[in-house]
Amino acid sequence: MVPESNADQMRIHIRLDFAEDGFSLCLDTRLPLKGVTAIFGRSGSGKTSLLRCLAGLETRCQGSIYLGDQCWQAKGYRLPTHKRPLGYVFQEASLFEHLSVRGNLDYARKRAWQQVTDEEYHHILDLMGIEPLLQRRSYQLSGGERQRVAIARALLIKPSLLLMDEPLAALDQARKQEILPYLEQLKANALLPILYVSHALEEVSRLADTLLVLESGQLKAQGAAGALLASLDCPLPTGEEPGVLLEGSIVERDQQWNLVKIAFDGGELWLSQSESWHSGPMRVRILARDVSLTLAEHQDSSILNRLPGVVRALQKESDGAMILVRLSVGNTALLARISRRSAVHLGLCEGKSVWVQIKSAALVR
Amino acid sequence: MLLTDQDWQAIRLTLHLASVVTLLLLLMVTPLAWWLAQTQSRLKAPVSALVAMPLVLPPTVIGFYLLIAMGPDGWLGQVTQALGLGLLPFTFEGLVVASLVYSLPFVVQPIQNAFESMGQRPLEVAATLRAGPWDRFFTIALPQARRGFFSAAVLGFAHTIGEFGVVLMIGGNIAGETRVVSVQLYDHVEALQYEQAHWLAGVMLVLCFTLLLGLSLVQKRAGWSGMKYGA
Amino acid sequence: MPVTNLLPLPRLAALILLLFARPLLAGQTQVAVAANFSQTMQRIVEDFQQQSGHRVGLSFGSSGKFYAQIRQGAPFEVLLSADSEKPAALEKAGLTVNGQRFTYAMGTLALWSALDNISVQGADILSGGDFNRLALANPRLAPYGLAAMQVLDTLKLTQLTRHKWVLGENIGQTYQFVATGNAELGFVALSQLLARNIPSDQYWQIPATLHQPIRQDAVLLSTGRNNPAAIQLLAFLQGEKARRTIREHGYTLPPEKPAVQP
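Note that the structure is predicted; figures quoted are calculated from it, not measured. (Residues numbered from 1 in each chain as written. Chains lettered and ligands numbered in written order. Predicted model: local features only at pLDDT ≥ 70, side-chain atom pairs only at ≥ 80, totals over all residues.)

Turning next to the overall build of chain C. Across its full length, chain C holds eleven helices and ten strands. Counting only residues that meet the buried cut, chain C has 44% of its 262 residues in that class. The long-range fraction of contacts in chain C, counting pairs at least 24 apart against all pairs at least 6 apart in sequence, stands at 78%. (Helix = DSSP H or I, 4+ residues; strand = E, 2+ residues; numbered from the N terminus. Buried ≥ 20, exposed ≤ 12 C-beta atoms within 10 Å, placed from the backbone. Contact = placed C-beta atoms within 7 Å.)

One non-glycine residue, B:Asn173, adopts positive backbone phi at about 55°. Examined against the element boundaries, B:Asn173 turns out to sit in the loop between helix H9 (165-171) and helix H10 (181-190). Backbone geometry at C:Asn197 places phi at a positive 55°, although glycine is not the residue there. Tracing the chain through its elements places C:Asn197 in the loop between helix H9 (190-195) and strand E9 (203-205).

What follows concerns the environment of A:Arg78. Residue and element names in this part refer to chain A. Relative to the elements of secondary structure, arginine 78 occurs in strand E6 (residues 77-78). Separated by 182 residues in sequence, arginine 78 and valine 260 have C-alpha atoms that sit 53 Å apart. Apart from the residues within four sequence positions on either side, arginine 78 is in contact with Gly56 and Gln73.

A common measure of how large an interface is: the accessible area buried when the components associate. Facing 13 residues of chain B, the contacting portion of chain A comprises 16 residues. Those elements giving two or more residues to the side of chain B that touches chain A turn out to be helix H6 (121-128) and helix H7 (133-144) of chain B. Here the residues of the side of chain B that touches chain A sort into seven nonpolar, three polar and three charged. (Nonpolar A, V, L, I, M, F, W, Y, C, P; charged D, E, K, R; others polar.)

This paragraph deals with the interface of chain C and chain B. Across the boundary between the two partners, chain C contributes 16 residues, which contact 19 residues of chain B. When contributions to the side of chain C that touches chain B are tallied by element, the ones reaching two or more residues are helix H3 (63-71), strand E7 (165-168) and helix H8 (171-179) of chain C. Here the side of chain C that touches chain B takes three residues from H3(C), the largest share from any one element. Residues of the side of chain C that touches chain B, tallied by class, amount to six nonpolar, seven polar and three charged.

What follows covers the sheet that holds strand E7 (residues 86-89) of chain A. Think of a sheet as strands paired side by side through backbone hydrogen bonds, with each pair either parallel or antiparallel. All names here are of chain A. Strands sit in the order E7-E8-E9-E3-E10-E11 across an open sheet of six strands; the sheet is mixed. The open sheet has two edge strands, E7 and strand E11 (218-224), and neither has a second partner. Averaged over all neighbouring strand pairs, the angle between strand axes comes to 15°, with direction disregarded. Summarising the sheet, E7 and strand E8 (residues 161-165) pair through four bridges and their orientation is parallel. (Pairing = 2+ DSSP bridges. Axes fitted to C-alpha atoms, helices over the stretch in contact; angles between N-to-C directions.)

Attention now goes to the pairing of strand E1 (residues 28-34) of chain C. Regular strands place side chains that alternate from one sheet face to the opposite one. Residue and element names in this part refer to chain C. Most of E1 is tucked away: six of the seven residues are buried. Bridging between E1 and strand E2 (residues 55-61) involves seven bridges; their strand directions are parallel. In the strand pairing of E2, threonine 29 is matched with valine 56. Taken together, E1, helix H2 (residues 38-52) and E2 form a β-α-β motif whose crossover is right-handed. (Right-handed = clockwise from strand over helix to strand, strands pointing away.)

Below, the discussion takes up the UniProt feature "binding site: molybdate" (unreviewed entry) in chain C. Residues and elements named next belong to chain C. The UniProt record marks Ser63 and Ile171 with the feature "binding site: molybdate" (unreviewed entry), using the residue numbering of this structure. Despite a sequence span of 109 residues, these residues sit close together in the fold, their greatest C-alpha distance being 11.8 Å. With respect to the helices and strands, serine 63 occurs in helix H3. Every residue in contact with serine 63, bar those within four places of it in the chain, is listed here: Ala34, Ser81, Ala82, Asp83 and Lys86. Among the structural elements, isoleucine 171 can be located in helix H8. In contact with isoleucine 171, not counting residues within four places along its chain, are Asn36, Ala137, Ala142, Tyr144, Val188 and Ala189. (UniProt positions renumbered as here; feature names shortened; annotations may be inferred.)

Let's shift gears to the domain arrangement of chain A. Residue and element names in this part refer to chain A. Here chain A is partitioned into domain 1 (4-240) and domain 2 (244-363). The dominant element in the side of domain 1 that touches domain 2, judged by the number of residues it contributes, is helix H8 (residues 225-230), at four residues. For the side of domain 1 that touches domain 2, a count of residues per class yields four nonpolar, two polar and one charged. (Domains from an automatic or database assignment.)

This part is about the arrangement of the chains. By contact count, the leading pair among the two pairs of chains in contact is chains B and C. As for chain C relative to chain A, no contact occurs, and the smallest C-alpha gap between them is 50 Å.

Further remarks concern the pairing of strand E5 (residues 70-74) of chain A. Residues and elements named next belong to chain A. Summarising the sheet, strand E4 (residues 62-67) and E5 pair through three bridges and their orientation is antiparallel. Each bridged residue has a counterpart across the sheet, and for leucine 67 the counterpart in E5 is glutamine 70. Here E4 folds back onto E5 in antiparallel fashion, the turn holding two residues, of which glycine 68 has a positive phi close to 60°. Alignment of E5 against E6, held across two bridges, turns out to be antiparallel. Within the sheet, the bridge partner assigned to alanine 74 lies in E6 and is tyrosine 77. The antiparallel hairpin formed by E5 and E6 contains two residues in its connecting segment, where glycine 76 sits at a positive phi of about 75°.

What follows concerns the confidence of the model for chain A. Residue and element names in this part refer to chain A. With 93% of its residues at a pLDDT of 70 or more, chain A shows a mean pLDDT of 85. Ranking the elements of chain A by mean pLDDT puts helix H1 (residues 4-9) last, at 46, and helix H3 (residues 101-110) first, at 96. Taken as a whole, residues 1-8 scores under 50 in pLDDT and shows eleven contacts with residues more than four places along the chain or in a different chain. (pLDDT = per-residue confidence, 0-100.)

If you want it as structure tokens, here you go:
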């Protein structure tokens, strides 16, 4: 494991050129090795290929990869996978079927880059909640349990970098909800930097610090997760709604109405209380379609959250009927999706002051 | 018991031959099956076809060509003579060599299939867990292909026991050396000693049935059941 | 089958019928022949078909297998065995036509080496012991093997050579052992050597006095009782022309006119 202070400065420099069966991946970027970096894009955009190239599993991929000053790949040179200090979690949990859960974990522990103490071992098992599963065999585990074991196994190798290829994609909604808290624990424990491939906005919203958006094998956008998601032209995978991500914290609980107040940079929001809420930093996701605009403050509305804001940009959607409006509320960006007719009717333009009504917001962490 | 000493000698010899051949084949064939399962070389197709050839040729024809190849003017005979081993036909060692050729596809194919059906994923996972190529082969590929090895061993063993045409051609029917059960049985039938033949065949069937049944019970107990055979 | 009358049928159907049709104009018979006699029999049958117009189907193989097959109802009408025991056994089992069993040929044994540096001019080479293996047909199964063992017994060489024996399942396989050089010496049939034009200085023709005669008997099976083609073939086999062919191929014949065995 890379010491914390060192990890701060660590970057991975990737320059790749990989083509296969009509698909090509071509990018040149530096990624900070800190927190969770989500590689985001629709299926076929090259996310998995990128991860496989990084791991050295794609032997036909050309280019160079440097982790800090350690060369993983350069012209005519390729460090074999087993010599790269990385952990890899595959899309479908790939436990060794001939070994028990303990056998799978020990396989990694025996080969770890640094010795894994008993304390660390139990900490990781605890983190993933798999201590009770040790004697089982992989076919006796649920999909979610398997994936947790696979994550623990990747951690036990004590890598400098953890690569996760859509670890939740093969799971149903209930299983996803079961595992996400473990991933958040992992992130909160700041054990190591993570590259997280996903096409699901929910996962990215909950986990990512940095976002790398891929489209057709090309780098489309890169930056801090919150800022990038609030931009109008952030290319989203099909089926994903535009929306923004707010960082905030709970400042008040209203037991009578069962509500909590979240403060963020630019205002406050009331949300319905849920037992899973905890103190500390929060992320709130607000979809553009749940945001409506008025010129005056409507006291007589059922909508709880009304905030003053300023229109920053407008962008027509491809169907011509709807329009995406970028707003600033204090220092925070919000997106609203309204009909073009309403926009004309309200006379929306850059710099216009409006009231922002937020119909609903979801706490993602 | 109605079996003669010669019959028992043939049974012992046959089981000995089948065991030696099966063991040698498993050892020799594993690297070949691994290569066939992993390679993207253009040689894969011709080599696979070559391995399957013993399935195509009638056993007596294989035996005939082995007899020529192992003879004093054959290439194999030249090699064994140069090595000071003499000639192989009419010896136990000769039968072993011939059986290796004859049973080869029966052992290669289940192992190759097992390696192939395992896929690349477990090996990739192992590579990300710091396992080098040899490590991956011994700790992942071999144990995951165990069912393939089991069926290969069973097929190789059974096939060597049942082998007749090749042995007939190069064996020379020497008691305790090359007179295996299939030949002894054939002799009984040809000499119209049907009762003796029935007894020998019966004993051999019971013996092999018990052996194979025992093996698959062992396999079941080892927790390999409930999963696809050879997968 | 009157194929010529199938006027309105489509051609394909006629073709298919033709495949299964057996001409009834001339007779037809199915004959099982001991493998060692195959070449000789083919010559004889050619002559026979030309003369009689009958068709003869020949199957070659081991006499033991034919015996088992005939006992299980195989559709052979004539058996040309490699020995005299199997026809006798079939007769005993009531599967033959009485009075139709005779010796059609007697085998001649030869001691042969395919290697240039070994010259076989008599029994000396056997007693000298200067050879790696001695091939002979399995005495239990093949009449030639039994005769070879009788030769060794007569010469009092059985004990001396026994450890060098390799046994062919039949005389054909024994020939292969010697021909490929894997056995440096072997007892084969003279007919095999003649068929391949082996020069006579490479083998020693074993005097008939050293062993019991190798009688190869023919028999008419019950299935052929009323088949003129089968009956005529057996008669032809005993005729002068066939006897000449048989002699030319390295067999001898009983001194008198072929007689029915007692």
